[in-house]
Amino acid sequence: MFEILTKKKIVEKEYDMWIKAPRVASHAKPGQFVVVRTSEKGERIPLTIADFDRENGNIRLIFQTVGKTTYEMSRMEVGDKLADVVGPLGTPSEVKKHGTVLMIGGGVGIAALFPILRELKLLGNKVITILGGRTSELVIMKDECAKYSDELIITTDDGSEGIKGVVTDGMKMLIERGEKIDYAWAIGPTIMMKFSALTAKELGIPIWVSLNPIMVDGTGMCGACRVTVNGNIRFACVDGPEFDGHGVAWDELMTRLKQYKDQEKISLEKYLNEVGEM
Ligand SMILES: Cc1cc2nc3c(=O)[nH]c(=O)nc-3n(C[C@H](O)[C@H](O)[C@H](O)COP(=O)(O)OP(=O)(O)OC[C@H]3O[C@@H](n4cnc5c(N)ncnc54)[C@H](O)[C@@H]3O)c2cc1C
Ligand code: FES
């Protein structure tokens, strides 16, 4: 059993938790994730390891409530225990000295970007970060990202902070300014990663993206998480979740993500009814 040590609501529908998981914490590397089950009867869901504290054996998860399991987790309190936390899973990010790296994060994806960004900074890269959100308050972890960035650019759809627009506007601004980027990472909603990758291609920048297909086992046994990259079928849970953004078959991924929409809606409604929130 994996005890919830802290719980904080960071913005509407987003929660930040530290969990006791010593074996995961001792091996976790930036870019990896865990598969969580709230209870014996629960579904398995993948969540990125947003941070880890090897010394105390704790990991940090930051998640958005979108369906039954994430709602269930949001209702758990400090001292409650998750039935399963399996990991670390996935291939770690290719963090090394690249030169100047551009880190692009959107929504809850910023949580997944953070450990990679920090490691890249500690390895001596020049780190330029663009964080985007619909409004200023939805851009999470600004201070933590700023601490490990040489420059932090914020973009908001409504112009409530930074550049009014989307992350790709920030990318273009940097190139127009003459900034030379050696490598980029984009993590966020699939549509954001798709357009970041297309813009990076136009600008001639290699880019990693962290894909979030539906997963079941998370250990390479079922293929639920399959994606097409550079014409080859890959399993995101073992070959990824990070891939070359220029090679991803984005439209196929988006179609597959919608596969269980009806069942997910029914399951959430049933759960909210049970707990008296509908
Ligand atoms: C490797 C990986 C790492 C992830 N890390 C995080 C994280 O750190 N924080 C976080 O909040 N989420 C993360 N996700 C997404 C998370 O797994 C889903 O939000 C979760 O499975 C939803 O479960 P649910 O039962 O609450 O909702 P469901 O009932 O399963 O789904 C409800 C709705 O959520 C959307 N959804 C479902 N699964 C996904 C998915 N995999 N990606 C995007 N949207 C989805 C769909 O629109 C769906 O209709 C990650 C996904 C992957 C594959
Ligand atoms: S989730 Fe089953 S193979 Fe990746």
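Before any of the text, the structure's been laid out above.
My aim in this report is to walk through the structure given alongside it, one point at a time. (Residues numbered from 1 in each chain as written. Chains lettered and ligands numbered in written order. Predicted model: local features only at pLDDT ≥ 70, side-chain atom pairs only at ≥ 80, totals over all residues. Heavy atoms only, no water.)

### Focus on helix 3 (residues 109–122)
The end-to-end C-alpha distance of helix 3 is 21 Å, a good match for the 20 Å that 14 residues give at a rise of 1.5 Å each. Among the 14 residues that make up helix 3, 11 are buried, leaving the element largely enclosed by the rest of the structure. Of all the residues in helix 3, the buried ones are G109, I110, A111, A112, L113, F114, P115, I116, L117, R118 and L120. Where helix 3 ends, the next residue or the one after it, G124, has phi of about 100°, a positive value. (Helix = DSSP H or I, 4+ residues; strand = E, 2+ residues; numbered from the N terminus. Expected span 1.5 Å × (residues − 1). Buried < 20%, exposed > 50% of the residue type's maximum accessible area, 1.4 Å probe, protein only.)

### A few points about the site of ligand 1
The immediate surroundings of ligand 1 are formed by 21 residues, with P46, I62, Q64, T70 and E264 found nearest. Separating an oxygen atom of ligand 1 from a backbone N or O atom of P46 is a distance of 2.6 Å. Protein chains shield 84% of the accessible area of ligand 1, which is 860 Å² for the free molecule. If you list the elements that add at least two residues to the shell around ligand 1, you get strand 4 (45–48), strand 6 (58–64), helix 2 (68–74) and helix 9 (261–274). No other element matches strand 4, which puts 4 residues into the shell around ligand 1. Residue classes in the shell around ligand 1 are distributed as 11 nonpolar, 6 polar and 4 charged. (Near = heavy atom within 4 Å. Polar contact = N/O pair within 3.5 Å; in protein donor to acceptor, adjacent residues only side chain to side chain. Areas by Shrake-Rupley, 256 points an atom, 1.4 Å probe, with all protein chains shown as cover. Nonpolar A, V, L, I, M, F, W, Y, C, P; charged D, E, K, R; others polar.)

### Brief notes about the sheet that holds strand 11 (residues 151–156)
With mixed pairing, the 7 strands of this open sheet are ordered in space as 12-11-10-9-13-14-17. The sheet terminates laterally at strand 12 (163–164) and strand 17 (242–244), the two strands that pair on one side only. As defined by bridge partners, strand 11 adjoins strand 12 across 2 bridges and the pair is classed as parallel. Note on strand 12: the bridge partner recorded for T156 is K164. Sitting on the sheet, helix 5 (residues 167–176) is in contact with strand 9 (100–106), strand 10 (126–133), strand 11 and strand 12, with an inclination near 145° to strand 10. (Pairing = 2+ DSSP bridges. Contact = heavy atoms within 4.5 Å. Axes fitted to C-alpha atoms, helices over the stretch in contact; angles between N-to-C directions.)

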